[in-house]
Amino acid sequence: MDSMQRQYEEGLLAWWGVILRGSKESDGPGEAMVLREMKKRSADFYNLLPECKDLDSLNRLKGEFVGRDGSHAAKLMDRLKTAPKEQKRDLGAAINGLKQGWEEGLKTRQAELGAAKKDLNALADRWDPSLPPPVPARGALHPLNRLMDRLVEVFRPLGFHVEEGPEVETEAHNFDGLNIPEDHSARASSDTFYLAAHPDLLLRTHTSPVQVRTLLRVAPELGTRGGIRFLAPGRVYRKDEIDPTHSPMFHQVEGMLVGHGIGMQHLKGTLEYALRALFGPHTEIRLRPSYFPFVEPGCEVDVSCPLCGAAGCRVCKGSGWVEILGAGLIHPNVLTYAGIDPTVWSGWAFGMGVERMAMMLSQTPDLRLFFENDQRFLQAMGGLD
Amino acid sequence: MWIERKALAAEIPAAAGLDTRRLCETLAALGFPVDGVAAREGTEALDVDITANRGDAMSHRGLARELAAKLQQPLAPLEASPAVEGAPGIDVRLETPACPVYSTAILELGMGDTPLEVQAFLLALESTPKRLPAVDASNELLHRFGHPTHAFDADRIRGAVAIRWARAGETLTTLDGVTRTLVAQDLVIADASGPIALAGVMGGDGTKVTEATRRVLLESAWFDPKTVRATARRHSLHTDASHRFGRGADPAMAPVARDLLVDRLRAWCGARLMGAWTVGSAPVAGAPVPLTETLLARVAGEPLSLAEAADALRRLGCSVDVETGGLRVIPPTWRHDLSIPEDLAEEVLRLRGYEHIPSVLPPLEGPPEPLSPSYLQRQRLARRLAHLGFHQTVTYGFISPEADVAFAAPGNPAEGRTLVNPLGQEYSVLRGSLLPSLRAAAEQNLRQGAREVRLFELAPTYASAPQGPVERFTLGMAWGGILDGEDYLSPARPVREADLSGIAQELGWDRLPEVRSLGEGLFGFELTVSELPPAEARVIPAFRPFSRFPAVERDLSLLVDLGQAYGALAAAMKAALPLDTLQDLRCVDVFRSKGLPEGRQAWLMRMRFQADRTLVGEEVDGWVAAALAAAESLGAKLRA
């Protein structure tokens, strides 16, 4: 705009000089008026031109100053008709010069506006990658299922498959077949849920009845199939009041292996493999003597604290070890119950609490969160592979 | 169980030299993990976890025995001056084998208090001293040596004492002040007036020792564990005594504990022994248990010498004969848990330390089994739904009868699925449907401010049947709230029933799912997983050729009645079209407006044709006309 203004000033001076050269004071007010008007209109034009921010206003300006009829340029031309003959040439050239200057100014401005509009259009069409994009809805597996899936994955390479059984069980499968004495307190109605219409039926208190069912089923073919090894994940029920560490329903994963000459070394070897696959290659395990009616010998298995690397933390209570599962060699009575000769076959079994492990790994403070099913919890804890 | 360190060291002096950490580790390695350590009464008390099979270890002496065997250090001698057995002062009759031995004594009490160190010992174990020497001494003995004893006020016993089965309906007011009605399976100590104690569980209030007691009758016996457990459970009366008798006390301790008690009362309050006698005798040990070298090696994972095994078992108090290829072992009187060879193998390993067990992966003896199709189907379904934006839930299998009846199928009465002893009414019925649980979880999420809730659960539902509830793996879905509208490209809209239908279709469900309203803008459906199409048996399905010629799409905007069933119209139109070229026919828009004739709506039907040749415009026009005619026969009209 500065350059245009300068051009105009130069142009104005040029024809102003021409006029002055040819005019006299005596020429009267007409010519001076034309000159003053030209000067004023031109100043107006160059003030208004940069104010035009779009083509519409520019076209209006164009109409006002250089249009065919009624524009300032047209009016000036009309005045030329009445100008003294000897001045007509110069004045005409001056008005034309003025008009040409305006037209050029309009053209330049139009080009500028066009370029700006193109830029805007380009901007509107351009994708702003920083705008939040549409993201497909994301769901989640439940953390308990995810952990059970993981355990199955860990044991698959060792040839374990999955066995399942009903949640409503008989006392025979849940207790008798597992060498649990008839007067064991676990059988009491204070510990175990029973069905009103079927006094012989209960809600299984562990996944171990799946052992009994599976062993009964495979007993006749055990020799031809070469033993059996399986996991039994599932839901179990015990009559515990609901609080931050107890739930009347929870999950267990049971593991069992039957073969020839199976001893404690095989239990230790398998668990060492599996727990390292689960918690990392530097994981250590520790077996401690313990007692469960369905195994002999029995043991508790500790794992070096997966959270602090056995350095000592809140989770392992500074000991470096966390109790993770119970296990042992299958009690001969359990094999005998299923029709398997314990002098020929032997095996091991383990059982672990899924919630306990999930709480330990995630440091979830309250067991009830796992059954509340808040989507925020499920997203954060379960997620998807 | 609380164990006081000084009292433990009194039984095994070597324990005094172990720091607390080492002591706890040693106990844990023996199978007795320590849950906590507390500083009390100027000493340390350990909270030791003792498994139910080890009644013999439920005392300071019992754990000392274990430590002595493990550390190969001597136990302190058991210092009791045997009382001279004399003529019975009171006639005691054993009427059942449930009490084979009963040692007793009568003492005249003098003046004196329970020694301060014994009071401190009891306090350290969270037991309150009664300041009655006969009571406190019995209590101290129980904790120190594991053998429960009892003191009666001898002057309040009427006539002869019998250890007999209760007569049904007899009553006894026990020390806790509760009057209990007994059954014939309760073993009691009785005098001429009736029961005066529940054997091995709790004494009677009428014969209890008080400040006024001058003469005491001491009882140190052995009671059948099963009987004691049953009585304790029947009367909800779990005591230190029933805990130990119920897990098997040492019958050989009966006279010894009596003597220890007499010694204490003499020392503490100058009691005078009037007479001591034992009725019956401890049951004789059972047959020896064999342990072969082969079995031991199998369990241990490596060959162990019989000498080493014999040594370990002897340290535990067993009497062991070493024979060719194995041992014959008679367990000590305090071990009721050693009855099969595996039990003995465990003892050998336990004393050796489980840390010495080798680590070996078991060899495969046969081919592994694949995962079952049912398990795989559920696992894949869960993953698929999670990828479709749904959250897997886990809810309890039991719900309230009210919640159940709203969704359970007719013909599935709750009676066959009701628990006799639920945690509460709201957890009393094994659910016939997953929807009540999903509804509760969805409502909870919406209350918590979730904009949209998408849940599913894969769990059994239960159907009542004569032989007991039948379980079927069921998929339940719940979807509600506002769908989309969370980004600048997709408009928001409420979740509709049709969205759930779409999911069912996506899962391959070939029927119309019964979409249920679960609340304001919340919908759900459930289906039996086994009724979903199974996964393809082939890894990759058979190839089916498809056309490479251009497809032709035509739209028909039809005015139909508001009540028109879409399925019928679509079927009629399809029937009029050549099936080999019709790729798809569907309603892609529904228009309902006041501008339409009253009672009518507009459906935009889209047809897609494709064949193994280029289709000619005229033939497609002909098909569309036929489809229109078919629609018109059902009352539809082409919308102008």
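Residues numbered from 1 in each chain as written. Chains lettered and ligands numbered in written order. Predicted model: local features only at pLDDT ≥ 70, side-chain atom pairs only at ≥ 80, totals over all residues. Heavy atoms only, no water.

Chemist: Help me understand the overall build of chain B in this model?
Modeler: Across its full length, chain B holds 17 helices and 29 strands. A compact globule built from 640 residues should have a C-alpha radius of gyration of about 26 Å, whereas chain B, at 40 Å, is more than 25% larger. Taken along the three principal axes of its C-alpha coordinates, chain B extends 125 × 60 × 50 Å. Summing over all exposed atoms, chain B offers an accessible surface of approximately 29,000 Å²; the carbon and sulfur share of this is 54%. (Helix = DSSP H or I, 4+ residues; strand = E, 2+ residues; numbered from the N terminus. Rg over C-alpha atoms; globule rule 2.2 N^0.38 Å. Areas by Shrake-Rupley, 256 points an atom, 1.4 Å probe, with all protein chains shown as cover.)

Chemist: Explain the overall build of chain A here, please?
Modeler: The helix and strand inventory of chain A stands at 14 helices and 9 strands. In terms of overall dimensions, chain A is more spread out than a globule: its C-alpha atoms have a radius of gyration of 48 Å, far above the 21 Å expected for 385 residues. Taken along the three principal axes of its C-alpha coordinates, chain A extends 145 × 50 × 45 Å. Burial statistics for chain A: of 385 residues in total, 50% are counted as buried. Summarising the internal contacts of chain A: among those between residues at least 6 apart in sequence, 67% fall at separations of at least 24. (Buried < 20%, exposed > 50% of the residue type's maximum accessible area, 1.4 Å probe, protein only. Contact = heavy atoms within 4.5 Å.)

Chemist: What am I meant to see in the packing of aromatic side chains here?
Modeler: Aromatic rings in a pair are described by how distant their centres are and how their planes are angled relative to each other. Tallying each qualifying case throughout the model produces 21 aromatic pairs over all chains. With centroids separated by 6.3 Å and ring planes inclined at 20°, the aromatic side chains of F292 of chain A and F294 of chain A adopt a geometry described as stacked. A relative accessible area of 21% means that F292 of chain A is categorised as partly exposed. Put simply, the rings of F193, Y237 and F371 of chain A together with Y396, F398 and Y427 of chain B touch in pairs and so form one group of aromatic residues. Taking the ring centre of W2 of chain B as reference, the NZ or CZ of R40 of chain B above it sits at 3.9 Å. A cation sits over an aromatic face here: R511 of chain B above W509 of chain B, 4.3 Å from the ring centre. (Phe/Tyr/Trp six-rings, centres within 6.5 Å; stacked < 30°, edge-to-face > 60°. Lys NZ or Arg CZ within 6 Å of the ring centre and 35° of its normal.)

Chemist: When you look at the interface of chain B and chain A in this model, what are you seeing that I'm missing?
Modeler: Counting residues at the interface gives 91 residues for chain B, matched by 93 residues for chain A. Buried surface at the junction of chain B and chain A, summed over both partners, amounts to about 7,400 Å²; 56% is from carbon and sulfur atoms. Counting the contacts that link chain B with chain A gives 6 salt bridges. The salt bridge partner of D183 of chain A is R229 of chain B, with a shortest N-O separation of 2.8 Å. Inspection of the chain B/chain A interface yields 42 residue pairs in polar contact (both at pLDDT 80 or more). A total of 9 residues in the side of chain B that touches chain A trace back to one element, the largest contributor, which is strand 21 (residues 452–463) of chain B. Taken together, the residues that form the side of chain B that touches chain A break down as 48 nonpolar, 22 polar and 21 charged. (Buried area = accessible area lost by both parts, 1.4 Å probe. Salt bridge = Lys/Arg side-chain N within 4 Å of Asp/Glu carboxyl O. Polar contact = N/O pair within 3.5 Å; in protein donor to acceptor, adjacent residues only side chain to side chain. Nonpolar A, V, L, I, M, F, W, Y, C, P; charged D, E, K, R; others polar.)

Chemist: Where do I start with the pairing of strand 17 (residues 326–330) of chain B in this structure?
Modeler: The side chains of a regular strand alternate between both faces of the sheet. All names here are of chain B. As paired elements, strand 15 (residues 289–292) and strand 17 share 4 bridges and run antiparallel to each other. Bridging across to strand 17, P290 finds its partner in R328. Counted between consecutive antiparallel strands, the loop separating strand 16 (residues 319–323) from strand 17 contains 2 residues, among which G325 sits at a positive phi close to 75°. (Pairing = 2+ DSSP bridges.)

Chemist: What should I look at first to understand the sheet that holds strand 7 (residues 161–165) of chain B in this one?
Modeler: Sheets are built from strands paired through backbone hydrogen bonds, the pairs being either parallel or antiparallel. Residue and element names in this part refer to chain B. In spatial order, the strands read 4-7-10-11-12; together these 5 strands make up an open sheet with mixed pairing. Of all strands in the sheet, those with a lone pairing partner are strand 4 (92–94) and strand 12 (202–203), marking the two edges. Relative to strand 10 (residues 187–191), strand 7 is paired through 4 bridges, and the arrangement is antiparallel. The residue of strand 10 that forms the bridge with I163 is I189.

Chemist: What's the story with the pairing of strand 7 of chain B in this structure? I'm lost.
Modeler: All names here are of chain B. In terms of burial, strand 7 is a largely internal element, 4 of the 5 residues being buried. The sheet contact formed by strand 4 and strand 7 spans 3 bridges and is parallel. Paired with R93 across the strands is A162, a residue of strand 7.

Chemist: Explanation requested: the domain arrangement of chain A in the structure shown.
Modeler: Accessible area lost on assembly of the parts is the figure often given for the size of an interface. Under the domain assignment used here, chain A contains domain 1 (2–125) and domain 2 (143–381). Placing the centre of domain 1 of chain A and that of domain 2 of chain A at their C-alpha centroids yields a distance of 97 Å. (Domains from an automatic or database assignment.)

Chemist: What should I look at first to understand the sheet that holds strand 15 of chain B in this one?
Modeler: All names here are of chain B. Taken in spatial order, the 3 strands of this open sheet run 15-17-16, and their pairing is antiparallel. Pairing within the sheet leaves two strands with one partner each, and these edge strands are strand 15 and strand 16. Averaged over all adjacent pairs, the angle separating strand axes in this sheet is 20°, with direction ignored. Helix 9 (residues 293–300) rests against strand 15 and strand 17 of the sheet, and its axis sits at about 70° to strand 15. The strands touched by helix 10 (residues 306–315) are strand 15, strand 16 and strand 17; relative to strand 16, the strand with the most contacts, the crossing angle is about 170°. (Axes fitted to C-alpha atoms, helices over the stretch in contact; angles between N-to-C directions.)

Chemist: What exactly am I supposed to notice about the packing of helix 2 (residues 20–29) of chain B against helix 3 (residues 60–71) of chain B here?
Modeler: A pair of packed helices is characterised by two quantities: the angle between their axes and the separation of those axes. Residues and elements named next belong to chain B. Put simply, helix 2 and helix 3 touch, their axes get as near as 10 Å, and they point 90° apart. Classified by the angle their axes make, helix 2 and helix 3 are roughly perpendicular. Contacts between helix 2 and helix 3 involve R22, L23, T26 and L27 on the former and, on the latter, L63, L67, K70 and L71. Tallied by class, residues from the contact of helix 2 with helix 3 come to 5 nonpolar, 1 polar and 2 charged. (Parallel < 35°, antiparallel > 145°, perpendicular 65-115°, else oblique.)

Chemist: So what exactly am I meant to see when it comes to the side chain of R288 of chain A here?
Modeler: Tracing the backbone shows R288 of chain A in strand 6 (residues 285–290). Among the residues examined, R288 of chain A registers a relative accessible area of 7% and is labelled buried. Here D302 of chain A takes part through its side chain, which lies 2.8 Å from a polar atom of the side chain of R288 of chain A. Filtering out sequence-adjacent residues up to four positions away, R288 of chain A remains in contact with G298, C299, E300, D302 and E323 of chain A together with A28, P33 and Y354 of chain B.

Chemist: Hey, could you run me through the nonpolar core in this one?
Modeler: In summary, soluble globular proteins display a tendency toward joint burial of nonpolar side chains. Counting 85 residues, the largest nonpolar core has M264 and V301 of chain A as its most contacted members. Apart from the residues lying within four places of it in its own chain, the contact partners of M264 of chain A are L287, P297, C299 and L329 of chain A together with R298, V299, L349, Y354 and I357 of chain B. V92, V101, F152 and V188 of chain B belong to the second-largest nonpolar core, a separate cluster that totals 36 residues. (Core = buried A, V, L, I, M, F, W, Y, C linked by side-chain atoms within 4.5 Å.)

Chemist: Sorry if this is basic, but what is going on with the domain arrangement of chain B here?
Modeler: All names here are of chain B. With domains assigned, chain B is organised as domain 1 (2–71), domain 2 (92–280), domain 3 (289–354), domain 4 (373–531) and domain 5 (552–638). Between the C-alpha centres of domain 1 and domain 2 the distance comes to 26 Å. With 17 residues of domain 1 in contact, the opposing surface of domain 2 contributes 15 residues. Where domain 1 abuts domain 2, roughly 1,300 Å² becomes buried across the two surfaces, and 58% of that area is made up of carbon and sulfur atoms. Per-residue buried area on domain 1 facing domain 2 is highest for W2, E41 and M58; these three make up 37% of the total on that side. If you look at where domain 1 meets domain 2, you find 1 salt bridge. In this structure, the salt-bridge partner of R40 is E126, at a minimum N-O distance of 2.9 Å. Looking at the side of domain 1 that touches domain 2, the elements with two or more residues in it are strand 1 (2–4), helix 1 (5–11), strand 3 (43–48) and helix 3. Among the residues forming the side of domain 1 that touches domain 2, the class breakdown is 7 nonpolar, 4 polar and 6 charged.

Chemist: Would you explain a nonpolar patch on the surface in this entry?
Modeler: Together, W127 and L131 of chain A together with Y488 and L489 of chain B line one region of the surface with nonpolar side chains, adding up to about 480 Å² of accessible area. Position of L131 of chain A relative to the elements: it lies in the loop between helix 5 (85–125) and helix 6 (143–155). Here L131 of chain A falls in the partly exposed class, since its relative accessible area comes to 37%. (Patch = residues over 30% accessible without salt bridge, like charges linked within 9 Å, V, L, I, M, F, W, Y side chains within 5 Å.)

Chemist: Quick question: what am I supposed to make of the pattern of salt bridges here?
Modeler: Oppositely charged side chains may form a pair once their charged atoms are brought near each other. Residues and elements named next belong to chain B. In total, this model carries 70 salt bridges over all chains according to the counting rule given. D337 is paired through a salt bridge with R335; the nearest N and O atoms lie 2.7 Å apart. Because the salt bridges share partners, they merge into one network encompassing R54, D56, E66, R335, D337, E347 and R350.

Chemist: Got a minute to help me understand the packing of helix 4 (residues 72–81) of chain A against helix 5 of chain A in this structure?
Modeler: Residue and element names in this part refer to chain A. The contact between helix 4 and helix 5 brings their axes to 10 Å, and the two run at 175°. On the basis of the axis angle, helix 4 is roughly antiparallel to helix 5. Between helix 4 and helix 5, the contacting residues are H72, A73, L76, M77, L80 and K81 on the first element and K88, L91, G92, I95, N96, L98, K99 and W102 on the second. Grouping the constituent residues of the contact of helix 4 with helix 5 by class yields 8 nonpolar, 3 polar and 3 charged.

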